[in-house]
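Single-letter residue listing:
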Amino acid sequence: MKKITVTGKTVEEAIEQGLQQLQVSRDRVEVEIIEQPSKGLFGIIGTKEAKVVLQVKPDAVDEAEMFLQEIGEAIGMKLSIERTESEHGIVLQLSSDQDIGMLIGRRGQTLDALQYLVNIGANRSSASRTRIILDAEHFRERRKNTLEELAERLAGKAVRSRRDVVLEPMPSHERKIIHTYLQDHPDVRSYSKGEEPNRRVVIGLK
């Protein structure tokens, strides 16, 4: 966390100078007053300025990006991180000139685990909680398309066979993609059964 000590004729003046140096707003810093100003003898001799310490509060997304860069360095991979906002939270899109597959893992399992760790670490010291969504070279959009194609195909199988189709276990956000895709299907319905981490989607006739 960045910390600076600044002085000024008044406490407020010192704070303002510090904010300008840090280039942040007042709500992004913690202020500690070290010395109050004093005029000294006859208002001239021994005059002391106010002295304050400004410390920038941790920002969850900045913390997340630093953590990810450290992960990249640890495995010898130079990462580029693009930050965007979505209705679900802050999206950090990872890319690299090297094979980023090791950060995605089988069906995104490594990426999901890394996202979990990033959210815990980044929000640990932050004043407000921020949801961080981790992606790598737009894997999540590709995975979403794959799951929707799977849902369409298995819905057709359920209709033809007149029997329930049970999918393999998958995480809750992937089950949600399938449920959302099939919610308006005219012939089938979907629901989840089982306990985590073996909870599965079932597709059956309405």
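As a reminder, the structure under discussion sits directly above these lines.
Here the structure is a predicted model, which means the values were calculated and not measured.

> How do you make sense of the pairing of strand β5 (residues 89-95) when you look at a structure like this?
A regular strand carries its side chains on alternate faces of the sheet. Within β5, 6 of the 7 residues are buried, which leaves it mostly tucked inside the rest of the structure. Pairing analysis gives 7 bridges linking strand β4 (residues 80-86) to β5, with the strands arranged antiparallel. Bridging from a neighbouring strand, Glu85 pairs with Ile90 of β5. Joining the antiparallel neighbours β4 and β5 is a turn of 2 residues.

> Explain the layout of surface pockets here, please?
One way to see where empty space is left: roll a probe the size of a water molecule over the atoms. The calculated volume of the largest pocket comes to roughly 740 Å³. Mapped by element, the contributors of at least two residues to the lining of the largest pocket are α4 (109-123), β6 (132-136), α5 (139-161) and α6 (172-182). The class makeup of the residues in the lining of the largest pocket is 6 nonpolar, 6 polar and 11 charged. For the second largest pocket, the calculated volume is near 240 Å³. Forming the walls of the second largest pocket are Arg106, Arg107, Gln109, Asp112, Arg143, Glu168, Pro169, Met170, Pro171, Glu174, Glu196 and Pro197. The residue inventory of the lining of the second largest pocket, partitioned by class, reads 4 nonpolar, 1 polar and 7 charged.

> How do you make sense of the environment of Asp27 when you look at a structure like this?
Its location among the elements puts Asp27 in the loop between α1 (11-22) and β2 (29-35). On a C-alpha basis, the gap between Asp27 and Val53 in space is 14 Å, while along the polypeptide they are 26 residues apart. For Asp27, the side chain forms a polar contact with the side chain of Ser25, separated by 2.3 Å.

> Can you help me understand α4 in this one?
When the terminal C-alpha atoms of α4 are compared, their 21 Å separation across 15 residues agrees well with the 21 Å that a helix rising 1.5 Å per residue should span. Among the residues of α4, those classed as buried are Leu111, Asp112, Leu114, Gln115, Val118, Asn119, Ala122 and Asn123. Across the axial projection of α4, the buried residues extend over an arc of 160°, all falling on one side. Tucked inside the fold, the buried residues of α4 contact α2 (60-74), α3 (101-104), β6, α5 and α6.

> Before we go on, may I ask you to explain the pattern of salt bridges in this structure?
It is possible for side chains bearing opposite charge to pair when their charged atoms get close. If you walk through the whole model with that rule in mind, you get 8 salt bridges. The partner of Glu65 in a salt bridge is Arg83, and the shortest N-O contact between them spans 3.1 Å. With Glu65 in helix α2 and Arg83 in strand β4, this pair connects stretches of sequence that are 18 residues apart. Overlapping salt bridges bring together Asp62, Glu65 and Arg83 as one network.

> Help me understand unusual backbone geometry in this model?
Trans is the common state for peptide bonds, and a negative phi is the common state for residues other than glycine. In this chain, Glu196 is followed by Pro197 through a cis amide linkage whose omega measures 5°. Summarising the element assignment, Pro197 is placed in the loop between β8 (188-193) and β9 (200-205). The phi dihedral of Glu137 falls on the positive side, at around 50°, and the residue is not glycine. Along the chain, Glu137 turns up in the loop between β6 and α5.

> Looking at this structure, I do not really get α5. What am I missing?
Because each turn of an α-helix spans 3.6 residues, side chains separated by three or four positions end up pointing in the same direction. For α5, with 23 residues, the first-to-last C-alpha span of 32 Å sits near the 33 Å given by 1.5 Å per residue. When α5 is considered as a whole, its buried residues turn out to be Phe139, Arg140, Arg143, Leu147, Glu148, Ala151, Leu154, Ala155 and Ala158. Positive backbone phi, approximately 60°, marks Arg162, located one or two places after α5.

> Please explain the sheet that holds β2 as it appears in this structure.
The strands making up a sheet associate through hydrogen bonds between their backbones, and the pairing can be parallel or antiparallel. Taken together, the 3 strands give an open sheet; going across it, the order is β1-β3-β2, and neighbouring strands pair in antiparallel fashion. At either margin of the open sheet sits one strand with a lone partner, and together these are β1 (3-8) and β2. The average undirected angle you get between the axes of adjacent strands in this sheet is 25°. The pairing of β2 with strand β3 (residues 50-56) spans 6 bridges and is classified as antiparallel. Bridge pairing links Glu32 to Val53 in β3. On the sheet, α1 packs against β1, β2 and β3 and is oriented at approximately 140° with respect to β1.

The rules behind each value
Residues numbered from 1 in each chain as written. Predicted model: local features only at pLDDT ≥ 70, side-chain atom pairs only at ≥ 80, totals over all residues. Heavy atoms only, no water. Buried < 20%, exposed > 50% of the residue type's maximum accessible area, 1.4 Å probe, protein only. Helix = DSSP H or I, 4+ residues; strand = E, 2+ residues; numbered from the N terminus. Pairing = 2+ DSSP bridges. 1 Å grid on protein atoms, 1.4 Å probe; cavity = no way out; pocket = protein on both sides within 12 Å on 5 of 7 lines; lining within 4 Å. Points joined across faces, edges and corners; volume = space filled by probe spheres on them. Nonpolar A, V, L, I, M, F, W, Y, C, P; charged D, E, K, R; others polar. Polar contact = N/O pair within 3.5 Å; in protein donor to acceptor, adjacent residues only side chain to side chain. Expected span 1.5 Å × (residues − 1). Arc of directions from axis to C-beta. Contact = heavy atoms within 4.5 Å. Salt bridge = Lys/Arg side-chain N within 4 Å of Asp/Glu carboxyl O. Axes fitted to C-alpha atoms, helices over the stretch in contact; angles between N-to-C directions.

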